[in-house]
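The lines below spell out each chain.
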Amino acid sequence: MKIYFLFFSLNIFLLIGGCTNDNVEDAKYSNVFKPLDGTWQGKFYIYEDTLGQRLGKAQPKDINEKYLKSLPLKLVSVIEAKHVYKSINPFLQKGEITDIYIDSNGKRKKAKSTAVNSIENGKLKCVVNKPNETVIHKGEYKGNNTIVWHRNVKSPKRIEYFKETVDSLHYRIIGWGYYGNDNPNLTPRTWFYADYAKN
């Protein structure tokens, strides 16, 4: 009986231990992705600065909706999107993304992707597996359910920075990108904004 009890206790200990994370750096970000759990739908807007790139704030970090509205932007593309996220544990979240791209002629094209948000050695990481590429962003938690995601790929050039904020009803994204022949020492040419409502 004592052997059975010891074996049972050991199994319980291993089961509980397997659901925890002993990394102190990871622990401070426990459930940081939790507010994103659920189904979200909305539109992702891509804009272009009508003045092109110019001298000014290159790769600006202090951005918000007011800042975006102050720029001379024109809408170049709209993506209808559906995001579904589920936390697997306090440090790992998986998602499914369905994007419907609409071109200038109104033609619609659907694409599905998978996403993984994780905490690894105190670092936030987002990996999106798209049909034609894998996109990896590093993240920083800024408080108030806001994460800043960024990547810097040299070839081909992909420099991106965006803020992702979640509340009980909305999931919003605002950011910019440098691509192709863009000069990262000048203002961004490409901007984007998204507002998804929770179903």
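Structural notes, computed from the coordinates. From a predicted model like this one, the values you see are computed outputs, not experimental measurements. (Residues numbered from 1 in each chain as written. Predicted model: local features only at pLDDT ≥ 70, side-chain atom pairs only at ≥ 80, totals over all residues. Heavy atoms only, no water.)

Observations regarding the sheet that holds strand β9 (residues 170–179)
In step 1: Sheet architecture is closed into a barrel: 10 strands sit in the order β1-β2-β3-β4-β5-β6-β7-β8-β9-β10, paired in antiparallel fashion. Here the average twist between neighbouring strands, direction ignored, is 25 degrees. (Pairing = 2+ DSSP bridges. Helix = DSSP H or I, 4+ residues; strand = E, 2+ residues; numbered from the N terminus. Axes fitted to C-alpha atoms, helices over the stretch in contact; angles between N-to-C directions.)

Thoughts on the pairing of strand β3 (residues 92–102)
In step 1: The pairing of strand β2 (residues 73–89) with β3 spans 11 bridges and is antiparallel. Bridging from a neighbouring strand, A81 pairs with D99 of β3.
In step 2: The loop that links β2 with its antiparallel partner β3 comprises 2 residues.
In step 3: Judged from the 11 bridges that link them, β3 and strand β4 (residues 108–120) form a sheet pairing that is antiparallel. Counterpart to D99 in the pairing with β4 is A111.
In step 4: Hairpin connection, β3 to β4: the antiparallel pair is bridged by 5 residues, and G106 has positive phi, about 85 degrees.

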